[in-house]
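A structural walkthrough
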Amino acid sequence: MGGVNLVILGPPGAGKGTMAGMIHNRYGLAVLSTGDMLRDAVKKGTELGKKASGYMDKGELVPDDVVVGIVRESLEGTADGGFVLDGFPRTRAQAESLDTMLENEDTRLDAVINLEVPREVLIQRLSRRRQCSECGKIYHLDNMPPAREGVCDSCGGKLYQRNDDKPRTIEVRLKEYRDNTLELVDYYRKKGLLKSVDASGNADATFALLEEIISSVGHE
Ligand code: AMP
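So, here's what we can say about the structure. (Residues numbered from 1 in each chain as written. Predicted model: local features only at pLDDT ≥ 70, side-chain atom pairs only at ≥ 80, totals over all residues. Heavy atoms only, no water.)

What to know about the pairing of strand 4 (residues 111-116)
- For strand 4, the buried fraction is high: five of the six residues fall into the buried class.
- Judged from the four bridges that link them, strand 1 (residues 5-9) and strand 4 form a sheet pairing that is parallel. Counterpart to Leu6 in the pairing with strand 4 is Ala111.
- Bridge count between strand 4 and strand 8 (residues 194-198): five bridges; the pairing is parallel. By the bridge assignment, Ile113 is partnered in strand 8 with Lys195. (Buried < 20%, exposed > 50% of the residue type's maximum accessible area, 1.4 Å probe, protein only. Helix = DSSP H or I, 4+ residues; strand = E, 2+ residues; numbered from the N terminus. Pairing = 2+ DSSP bridges.)

Pasting the structure below:
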């Protein structure tokens, strides 16, 4: 199936990155994760990374113009084969910019998948999360542990706990979600694109629900 364009929406810890990775493996869609792109820029010490790191460490959103700029660059060229946006848009202004970018590329979204997870589960997931420092793959110490402790199954990279997965920062991120991102659920519902799924179970169970949605919106 080619050319399906998706957004994955949901609070931190809902499983956006995990689902984006599974969609990539199954359907070959390009994954555009603003969080991964920003962490990469911070690691490399680029101008973008310098602008973003203070906000990220505190759990706050990076300013819209910075994030919209990186998405614009990465959408050019990837839009043709279909894509999954993970972690973007996160504000109404970003959502409106995305609409304009897609219009300019002469394409549109097929679905916005909204991952629903209760707050206690989010906190439990985030505080036990580990991520590969090389390829970005996500693990959970109890639910999705790596085969070898501290080592990525996919690339052998070292696993680490993100700075913003510490308890105080988790609170800030959940508040940022409520204050800025939650309204996008309505934004996309009004456009007829919203597909909400119960994402409180394990990754395979959630992915099965996503597969149904993707086959229903796919235009082969
Ligand atoms: P994530 O990996 O999606 O949880 O993103 C990690 C951090 O990167 C967020 O807490 C924000 O500081 C920043 N970030 C990622 N995506 C966005 C976005 N679309 N808008 C603003 N900040 C973002």
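Some thoughts on the side chain of Arg129
- Within the secondary structure, Arg129 sits in strand 5 (residues 129-132).
- With relative accessibility at 12%, the residue Arg129 sits in the buried group.
- Polar side-chain contacts of Arg129 include one of 2.9 Å to the side chain of Asp165.
- In this structure, Arg129 is in contact with Ile138, Tyr139, His140, Gln161, Arg162, Asp165 and Arg173, ignoring residues within four places of it in sequence. (Polar contact = N/O pair within 3.5 Å; in protein donor to acceptor, adjacent residues only side chain to side chain. Contact = heavy atoms within 4.5 Å.)

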